[in-house]
Amino acid sequence: MENISALMVVCLLAGLSERLAGENGNQTQVTELTDEDVADAPVENDALYHLNRGLDAPAILTSNSTGTQSRCEPPIYTVLKQLGALEERLAATVRALEETNKKLEASEKKLSALNSTVTELSAEDKGWPRVAFSAALPLDGTIGPADVLYPLVYRHVLSNIGGHYNSDTGYFTAPVRGVYYFSFTSFWWGANPGSCGGSLYQNGNKVVSWYVTNSNHASSGSNSAVLQLQVGDNVNVRLWNNRRISDNGNKYSSFSGFLLFPV
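Residues numbered from 1 in each chain as written. Predicted model: local features only at pLDDT ≥ 70, side-chain atom pairs only at ≥ 80, totals over all residues. Heavy atoms only, no water.

## Let's talk about the overall build of the protein chain
What the protein chain contains, in helices and strands, is four helices and 13 strands. By the burial criterion, 22% of the 263 residues in the protein chain qualify as buried. Taking as baseline every contact in the protein chain between residues at least 6 positions apart, the subset at least 24 positions apart corresponds to 73%. Carbon and sulfur atoms make up 56% of the accessible area of the protein chain, which totals about 17700 Å². (Helix = DSSP H or I, 4+ residues; strand = E, 2+ residues; numbered from the N terminus. Buried < 20%, exposed > 50% of the residue type's maximum accessible area, 1.4 Å probe, protein only. Contact = heavy atoms within 4.5 Å. Areas by Shrake-Rupley, 256 points an atom, 1.4 Å probe, with all protein chains shown as cover.)

## Comments concerning the side chain of N236
By secondary structure assignment, the location of N236 is in strand β11 (residues 234-239). Residue class for N236 comes out buried when judged on its relative accessible area of 1%. Here R238 takes part through its side chain, which lies 3.4 Å from a polar atom of the side chain of N236. Apart from the residues lying within four places of it in its own chain, the contact partners of N236 are P151, G170, Y171, S199, L200, Y201 and F255. (Polar contact = N/O pair within 3.5 Å; in protein donor to acceptor, adjacent residues only side chain to side chain.)

## With respect to a nonpolar patch on the surface
A cluster of nonpolar side chains, namely I76, Y77, V79, L80, L83 and L86, defines an oily patch on the protein surface of about 630 Å² accessible area. Here V79 is to be found in helix α4 (residues 76-125). Take V79: its relative accessible area is 31%, and that puts it in the partly exposed class. (Patch = residues over 30% accessible without salt bridge, like charges linked within 9 Å, V, L, I, M, F, W, Y side chains within 5 Å. Salt bridge = Lys/Arg side-chain N within 4 Å of Asp/Glu carboxyl O.)

## Things to note about unusual backbone geometry
Outside of glycine, negative phi angles account for most residues, and trans bonds account for most peptide bonds. Positive phi, normally seen in glycine, also occurs at N203, with a value near 50 degrees. Tracing the chain through its elements places N203 in the loop between β8 (196-202) and β9 (205-212).

## Notes on the nonpolar core
By size, the foremost hydrophobic cluster in this structure holds 28 residues, and its most contacted members are F172, F182, L200 and F255. Where this core is concerned, the elements lending two or more residues are β1 (132-136), β7 (178-188), β8, β9, β10 (219-229), β11 and β13 (254-262). A per-element tally of this core places β7 first, with four residues. (Core = buried A, V, L, I, M, F, W, Y, C linked by side-chain atoms within 4.5 Å.)

## Some thoughts on the packing of aromatic side chains
Going through the model one piece at a time under the given rule, you end up with 15 aromatic pairs. The ring centre of Y201 lies 4.6 Å from the NZ or CZ of R238, which sits over that ring. (Phe/Tyr/Trp six-rings, centres within 6.5 Å; stacked < 30°, edge-to-face > 60°. Lys NZ or Arg CZ within 6 Å of the ring centre and 35° of its normal.)

## Structural notes on the sheet that holds β13
Judged by pairing direction, the sheet is antiparallel, and its five strands sit side by side in the order β4-β1-β13-β7-β10 without closing on themselves. One side of each edge strand has no neighbouring strand; the edge strands of this open sheet are β4 (156-161) and β10. Shown here is a sheet whose adjacent strand axes are inclined to one another by a mean of 10 degrees, direction ignored. When β1 meets β13, the two strands line up antiparallel, connected through five bridges. Within the sheet, the bridge partner assigned to A136 lies in β13 and is S254. (Pairing = 2+ DSSP bridges. Axes fitted to C-alpha atoms, helices over the stretch in contact; angles between N-to-C directions.)

Worth remembering: the numbers are spatial, not functional.
Rendered as structure tokens:
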């Protein structure tokens, strides 16, 4: 009996030893699989892997994060430099606007002065009479030669504003004291012997003239004058003694005048 009991105890101890040995083997396998899994795991599990081996992985992660943040944020001196450049551009813009305002003010002053001048002239012009005329000889042929100073009568009236040209006498009479402009043209068919000439007269006094000497072909002449007249002064054109003047439907020979301004 004692031998049997001893044998049973030995068997139990042997079985317990094998069981413990099996459990230890399993535990070792699990530990090895865990190491392989950690080696193949993502970066976040790598920290745990190194931590199990006594490495300071968080310090490496913290260092990388801080470097990225430093590269994203510009240094303060760069921001201040950009602000200074913007301030200079703003100041230049303000100066340009001030210069433009000065020019606009000067233009407004000039425009105001011009408007005042125009207003004054308009006010003065309200009292000005409208005086202008133009007329041509009414014939289809030649006048002369005559043995006297012959007053030309331009009966074909083209315009007579104010009615101060007399188409019956050929005289213009000044309605107001002022400065007037007069012009005349002449035409002659030409003949040998013969000549064409005459003058503009103010109150019977010769002012300016035209003259064409002997010619075998048609000739023309003209002249003009600016005269200061008093109220009632008269102006006309006269053909010289033994001279000729011609015309036809083309109205080569004419007499014109108008008031420049009163004085």
